[in-house]
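# Per-entry structural report
Here are the chains, one letter per residue:
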Amino acid sequence: MRFILNWLLTSIAIAIAAYVVPGIEPFGPAEAWVCFAFTGLFLGLVNSLVKPILSVISLPVTILTLGIFQLVINSLMLELAGSLSVNLLGAGIAISGFGAAFIGGIVISIMCSVLGAVTKDA
């Protein structure tokens, strides 16, 4: 049940990022909410499978930048999730460049934290 709640919260955060950040748009023949749901699913998978490996590999750079390099890793994970959802399922989000992914990663992280704190008792 917790997985479904996290998936829903991540999809809502992606929808908010697509609304706020220019350069992130739903892509594909499906409705926008389906695109956000597919991307949310892949973002959860990528964050649980790929991100820990990348974080360990980039630990020296993260220490040198006092943790700011994690924002770059979040951006790469968002781009990877959007790309996987579009290429594998035919619907997802299109990100125009790294700047949009960077700002989108920050917005999604903040919104997931806020939404997670609101639903912590649920």
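For the structure itself, look to the data block above.
All figures in this text were calculated on a predicted structure; none of them were measured in a lab. (Residues numbered from 1 in each chain as written. Predicted model: local features only at pLDDT ≥ 70, side-chain atom pairs only at ≥ 80, totals over all residues. Heavy atoms only, no water.)

Before going further, it helps to examine the packing of aromatic side chains. Under the definition given, this model contains two aromatic pairs. When the ring of Phe 3 is compared with that of Trp 7, the centres are 6.2 Å apart and the planes differ by 35°; the resulting orientation is tilted. Of this pair, Phe 3 and Trp 7 both sit in helix H1 (residues 2–20), four residues apart, roughly one helical turn. For Trp 7, a relative accessible area of 28% translates into the label partly exposed. A centroid spacing of 6.1 Å and a plane angle of 40° characterise the contact between Phe 98 and Phe 102, whose relative ring orientation is tilted. In this pair, Phe 98 and Phe 102 both sit in helix H6 (residues 98–118), four residues apart, roughly one turn of the helix. (Phe/Tyr/Trp six-rings, centres within 6.5 Å; stacked < 30°, edge-to-face > 60°. Helix = DSSP H or I, 4+ residues; strand = E, 2+ residues; numbered from the N terminus. Buried < 20%, exposed > 50% of the residue type's maximum accessible area, 1.4 Å probe, protein only.)

Okay, the layout of surface pockets next. Estimated volume of the largest pocket: approximately 160 Å³. Around the largest pocket, the lining residues are Thr 10, Leu 43, Asn 47, Lys 51, Asn 74, Met 77, Leu 78, Gly 105, Ile 108, Ser 109, Cys 112 and Ser 113. Counting only elements with at least two residues in the lining of the largest pocket, the list comes to helix H2 (32–49), helix H5 (69–89) and H6. At five residues, the largest contribution of residues to the lining of the largest pocket is made by H6. Split by residue class, the lining of the largest pocket holds five nonpolar, six polar and one charged. (1 Å grid on protein atoms, 1.4 Å probe; cavity = no way out; pocket = protein on both sides within 12 Å on 5 of 7 lines; lining within 4 Å. Points joined across faces, edges and corners; volume = space filled by probe spheres on them. Nonpolar A, V, L, I, M, F, W, Y, C, P; charged D, E, K, R; others polar.)

What is shown is where atoms sit, not what they do.
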